[in-house]
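Architecture at a glance
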Amino acid sequence: MITMKYILTYGENHERYDLFRDLKSREDVQMQVRKEKKVNNKLINLIKKIHLSSTISRKINLPFKNIWFKKDAISFEENQEYCLIIVDMALITFSQKELNSFVNQPKVRTVLVLINSYDSETMKELGIKSKIRKTKWNDIYSFDMDDVRKHNFKPLSYCYYSLHDISNDRKVVDNDAYYIGALKESRKKIVFSVLDRLQRNNVNFDFHLMKLWKDRDKSYPYESSVDYYTATEKKISYEEVLKGSSRSNVIIEIVQEDQGGPTLRYYEAVTLNRKLLTNNANIKQYPFYNSNYMRVFKDADDIDIGWLMDREEVNYCYNGEFSPNNMLKTVLE
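The notes below deal with the structure included here. What you see is a predicted model, and the numbers here were worked out from it, not measured in a lab.

Here the focus is helix α8 (residues 185-200). Residues that lie three or four places apart on an α-helix share one face, since the helix turns once every 3.6 residues. With 16 residues, α8 ought to run about 22 Å at 1.5 Å a step, and its terminal C-alpha atoms sit 24 Å apart, in line with that. Contacts made by the buried residues of α8 are with β7 (175-182), β8 (205-211), β9 (227-230), β10 (248-253) and α11 (305-309). Positive backbone phi, at 55°, marks asparagine 202, one or two positions downstream of α8.

Put into structure tokens, the structure is as follows:
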């Protein structure tokens, strides 16, 4: 009997979060991280930055972005069945010709896994939606149930997060609230309104806000209390994010407009046993939702400061349900 083999290809950004680490020890899974080429020539490097610029991509989708990425071959053995899983942000590294060659292979099931919302700013900045539309996928799976309903995708079922080990004691809580995120236009207003409410109520918060490059010289509120930075100035490792989440009583999640799926803050809250404050009303339909530990707010005035600061024992009884091992079963359905 021929057993299925899996090829999982994803971008460097998702490797940074080590989302798929549970699969690395499996013999039936070949994992490929699509990496950018290193360019030493200053002029060519400038052209590369312009070509890949998210600011430009929001206005015009420049073609051939894939030329800036290493061409690691994807090959298939004869008489072997494969499931090729391409994670959304890796699409920028492929030409349309390459994608078409995969879907035309015999004995290969080619699926797309979306862990960004289809209509989000992130997907627009990548300029890859046209590749999604032009490719004849066997199936498209999405983490966002709004997209599942709107675009007739299949549900991914929350199974793309590997449990992480962190060195600090998870029981030690130093802060009332933790938030990290980019100051994108679609959520900037609500981020600052939340920050203002916490500041006025003497909440001990730990905020890390990444400025967009075009806003790098702008002044923002509470600069003495907030860690403002740009992507070129500082890289915050995911291990640092996990330590920040684990040291805080409440993890704050603020989703982009047009996003109906969770961010990693949801997964961190469940796996670290921390309370979650989110503006994503869909949380009530997610696994592990518990109204004692998870609260939804529409605007900053909705936030229950007492709940935010109240220390209590949290236990979601998590037992590996988010593991990408479950994703391998899901993408064959």
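Text resumes after the structure shown.
All chains considered together, the criterion is met by 22 aromatic pairs. With centroids separated by 6.3 Å and ring planes inclined at 80°, the aromatic side chains of phenylalanine 143 and tyrosine 160 adopt a geometry described as edge-to-face. Taken as a pair, phenylalanine 143 in the loop between β5 (139-142) and α7 (145-151) and tyrosine 160 in the loop between β6 (154-155) and β7 lie far apart in primary sequence, 17 residues in all. Judged by relative accessible area, which is 2%, tyrosine 160 ranks as buried. Geometrically, the ring pair formed by tyrosine 266 and tyrosine 267 is edge-to-face, given 5.0 Å between the ring centres and 70° between the ring planes. This pair shows no difference in class: tyrosine 266 is buried, exactly as tyrosine 267 is. The rings of Phe143, Tyr158, Tyr160, Tyr161, Tyr266, Tyr267, Tyr286, Phe288, Tyr318 and Phe322 are connected pair by pair, giving a single aromatic cluster.

Structurally, phenylalanine 192 is set in helix α8. Phenylalanine 192 sits in the buried class, given a relative accessible area of 16%. Sequence separation between phenylalanine 192 and methionine 327 is 135 residues; the distance between their C-alpha atoms is 36 Å. Non-local contacts of phenylalanine 192, meaning those with residues more than four positions away in its chain, are made with Leu183, Leu209, Tyr220, Pro221 and Tyr228.

Of the residues making up helix α4 (residues 96-103), those classed as buried are Leu99, Phe102 and Val103. Looking straight down α4, one finds that the buried residues subtend no more than 95° of arc, so they occupy a single side. Buried residues in α4 make contact with β3 (82-87), β4 (108-114) and α6 (129-134).

Read across the sheet, six strands follow the order β2-β1-β3-β4-β5-β6 without closing on themselves; strand pairing throughout is parallel. The open sheet has two free edges, formed respectively by β2 (29-34) and β6, since each of these has just one partner strand. One ladder, built from six bridges, connects β3 with β4; its direction is parallel. When the bridges of β4 are listed, isoleucine 85 appears paired with valine 111.

Moving on to the sheet that holds strand β11 (residues 275-278). Taken in spatial order, the six strands make up an open sheet running β9-β8-β7-β10-β11-β12, and their pairing is parallel. Pairing within the sheet leaves two strands with one partner each, and these edge strands are β9 and β12 (294-296). Between one strand axis and the next, the sheet turns through 20° on average, direction left out of account. One ladder, built from six bridges, connects β7 with β8; its direction is parallel. Within β8, the position partnered with glycine 181 by the bridge is leucine 209. Taken strand by strand, α8 contacts β7, β8, β9 and β10, and its axis lies near 155° from that of β8.

Looking now at the side chain of lysine 211. As for its placement among the helices and strands, lysine 211 is situated in strand β8. This buried residue, lysine 211, is left without a salt bridge; glutamate 223 holds the nearest opposite charge, at 4.6 Å. Within the structure, lysine 211 has its side chain in polar contact with the backbone oxygen of arginine 216 (distance 3.4 Å). Within the local environment of lysine 211, its side chain forms a polar contact with the backbone oxygen of lysine 218, the two atoms lying 2.8 Å apart. Beyond its immediate stretch of four places on either side in the chain, lysine 211 contacts Arg216, Lys218, Tyr220, Tyr228, Tyr229 and Thr230.

Our focus in this paragraph is a nonpolar patch on the surface. On the surface, Leu43, Leu46, Ile47 and Ile50 cluster together to form a nonpolar patch covering roughly 380 Å² of accessible area. Its location among the elements puts isoleucine 50 in helix α2 (residues 42-52).

The next subject is the pattern of salt bridges. One pass over the structure, following the stated rule, counts 22 salt bridges. Aspartate 196 serves as the salt-bridge partner of arginine 200, at 2.9 Å between the closest nitrogen and oxygen. Residue arginine 200 and its partner aspartate 196 are both found in helix α8; the two are separated by four residues, about one turn of the helix. Note that lysine 214 and aspartate 215 form a salt bridge whose closest N and O atoms lie 3.4 Å from each other.

We now examine unusual backbone geometry. The phi angle at asparagine 79 is positive, at roughly 65°, despite the residue not being glycine. Among the structural elements, asparagine 79 can be located in the loop between α3 (54-57) and β3. Phi is positive for tyrosine 222, close to 55°, though the residue is something other than glycine.

On to the pairing of β4, then. In terms of burial, β4 is largely enclosed, as seven of its seven residues are buried. A crossover links β3 with its parallel partner β4, the connecting element being α4, and its sense is right-handed. As defined by bridge partners, β4 adjoins β5 across four bridges and the pair is classed as parallel. Bridge pairing in β5 places leucine 112 opposite isoleucine 140.

What counts and how
- Residues numbered from 1 in each chain as written.
- Predicted model: local features only at pLDDT ≥ 70, side-chain atom pairs only at ≥ 80, totals over all residues.
- Heavy atoms only, no water.
- Helix = DSSP H or I, 4+ residues; strand = E, 2+ residues; numbered from the N terminus.
- Expected span 1.5 Å × (residues − 1).
- Contact = heavy atoms within 4.5 Å.
- Phe/Tyr/Trp six-rings, centres within 6.5 Å; stacked < 30°, edge-to-face > 60°.
- Buried < 20%, exposed > 50% of the residue type's maximum accessible area, 1.4 Å probe, protein only.
- Arc of directions from axis to C-beta.
- Pairing = 2+ DSSP bridges.
- Axes fitted to C-alpha atoms, helices over the stretch in contact; angles between N-to-C directions.
- Lys, Arg positive; Asp, Glu negative; His and termini not counted.
- Salt bridge = Lys/Arg side-chain N within 4 Å of Asp/Glu carboxyl O.
- Polar contact = N/O pair within 3.5 Å; in protein donor to acceptor, adjacent residues only side chain to side chain.
- Patch = residues over 30% accessible without salt bridge, like charges linked within 9 Å, V, L, I, M, F, W, Y side chains within 5 Å.
- Areas by Shrake-Rupley, 256 points an atom, 1.4 Å probe, with all protein chains shown as cover.
- Right-handed = clockwise from strand over helix to strand, strands pointing away.

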